[in-house]
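Spelled out from the first residue to the last, the chains are:
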Amino acid sequence: MVSTSVKACLLERKVCIGSWLQSASPVMAEIMARSGFSWLAADCEHGDVALEGFANQARAVSPFPCVPFVRVAENSTIQIRRALDLGAGGVIVPLVNTAEEAAKAVSSAKYPPAGVRGFAFQRANGWGGDFDAYCLSANGRLSVVVMIESKEAVANIDSILAVKGVDGVFIGPYDLSGSYGIPGQTSHPMVSDACRKVSDACAKAGKSAGMHIVLPDNAKVEKAIADGFTFLALGMDTVFVADGAARALATISRGTMR
Ligand code: 3PY
Ligand code: MG
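Described in the following lines is the structure provided in the data block.

**Description of the site of ligand 1**
The local shell around ligand 1 consists of W20, R71, M147, E149, G172, P173, Y174, D175 and H212. Contact distances for ligand 1 include 2.7 Å between an oxygen atom and a side-chain N or O atom of R71. Note that an oxygen atom of ligand 1 is positioned 3.1 Å from one of the backbone N or O atoms of P173. Expressed as a share of its isolated accessible area of 230 Å², the protein-covered part of ligand 1 is 92%. Given that more than half its atoms are within 2 Å of the pocket grid, ligand 1 belongs to the second largest pocket. Among the elements that take part in the shell around ligand 1, helix α9 (residues 173–179) stands out by supplying 3 residues, more than any other.

Encoded structure:
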């Protein structure tokens, strides 16, 4: 059910472009999958996307080569288990600050003996129809990406990356800027230095570095790739709609409205 190509990109540090779903809309998910994103993350940390909403988004993207991810609400064994049970191809776990927290995220995502994920007939295994095959392959196929969004996480980056089963890390630029006392200043040198430290550590550890470019433009995306970031989320459904609406309205000149 889930394409493995995103996992391969993570393991091979290849550029892989996804985006973000801030709304619970399966329509947005379908349109964005159709437009060619390799992965889409349903944001269950912020906003109103509940796991039920994610399941419908996963159904909407299933005809396309697009892997549904969940950014879970928190580093919780049950949240991670439920996201994967509903068919997530991977989880993005927010606010992971230490190797112990990274190990908890990995363990939550893996069936025993590697971890503590529980077994159930669920959407991910065709409601039991593909149970055996799914359970045998899930640990190797599903992705675990942990978010680096604090000073503490940056300080601990080498030990976080050393945790077996962490497929990559993902910078949350806004929380990171907040943690450095410069909220919202995602281009501030302190944030750039932190990003460089994370990307250098990833290169050394052979793991993928990712980031969310919430308001993408050519320069930001090219810089991120040049800086070694490969697992990139560009924009989000809500921003795309707002941009399109503003562009449409901008075509109306003042004269036309008179
Ligand atoms: C952040 O910038 O903190 C994020 O989590 C973006 O997704
Ligand atoms: Mg964040």
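**Things to note about the coordination of the magnesium ion (ligand 2)**
Each protein donor to the magnesium ion (ligand 2) is listed here as E149 (OE) and D175 (OD); together their distances run 2.0 to 2.1 Å. Of the two residues, E149 sits in the loop between β5 (143–148) and α7 (151–155) while D175 sits in helix α9, which places them 26 residues apart along the sequence. Looking at E149, the relative accessible area reads 3%, which means it is buried.

**Concerning the pattern of salt bridges**
By the definition in use, this model includes 7 salt bridges. Between E45 and R71 there is a salt bridge whose closest N-O contact spans 3.0 Å. Of the two residues, E45 is situated in the loop between β2 (39–43) and α3 (51–61) and R71 in strand β3 (residues 67–71); the sequence distance between them amounts to 26 residues. Given the relative accessible area of 6%, R71 is considered buried.

**So, the side chain of D167**
Mapped onto the fold, D167 is located in the loop between α8 (157–161) and β6 (168–171). The buried category is assigned to D167, whose relative accessible area is 6%. In this structure the side chain of D167 is engaged in a polar contact, spanning 2.8 Å, whose partner is the backbone nitrogen of V144. Look past the residues within four positions of D167 in its chain and what remains in contact with it is K7, L10, L11, L142, S143, V144, K207 and S208.

**Considerations on the environment of C44**
Residue position: C44 is located in the loop between β2 and α3. On the accessibility criterion, C44 (10% relative accessible area) is buried. In sequence terms C44 and Q79 are 35 residues apart; their C-alpha atoms lie 9.4 Å from each other. With near-sequence residues (within four places) excluded, C44 lies in contact with V49, A50, L51, V70, R71, V72 and A73.

**Some points on the pairing of β2**
Most of β2 is tucked away: 5 of the 5 residues are buried. Residues W39, A41 and D43 line one face of β2 and the alternating positions L40 and A42 line the opposite face, and both faces are buried. Bridge count between strand β1 (residues 16–21) and β2: 4 bridges; the pairing is parallel. Its bridge partner lying in β2, G18 is registered against W39. In this structure, β2 lies alongside β3, joined through 5 bridges in parallel fashion.

About the cut-offs
- Residues numbered from 1 in each chain as written.
- Chains lettered and ligands numbered in written order.
- Predicted model: local features only at pLDDT ≥ 70, side-chain atom pairs only at ≥ 80, totals over all residues.
- Heavy atoms only, no water.
- Near = heavy atom within 4 Å.
- Polar contact = N/O pair within 3.5 Å; in protein donor to acceptor, adjacent residues only side chain to side chain.
- Areas by Shrake-Rupley, 256 points an atom, 1.4 Å probe, with all protein chains shown as cover.
- 1 Å grid on protein atoms, 1.4 Å probe; cavity = no way out; pocket = protein on both sides within 12 Å on 5 of 7 lines; lining within 4 Å.
- Sits in = over half its atoms within 2 Å of the grid points.
- Helix = DSSP H or I, 4+ residues; strand = E, 2+ residues; numbered from the N terminus.
- Donors = N, O, S within 2.8 Å, 3.2 Å for Na, K, Ca; no water.
- Buried < 20%, exposed > 50% of the residue type's maximum accessible area, 1.4 Å probe, protein only.
- Salt bridge = Lys/Arg side-chain N within 4 Å of Asp/Glu carboxyl O.
- Contact = heavy atoms within 4.5 Å.
- Pairing = 2+ DSSP bridges.

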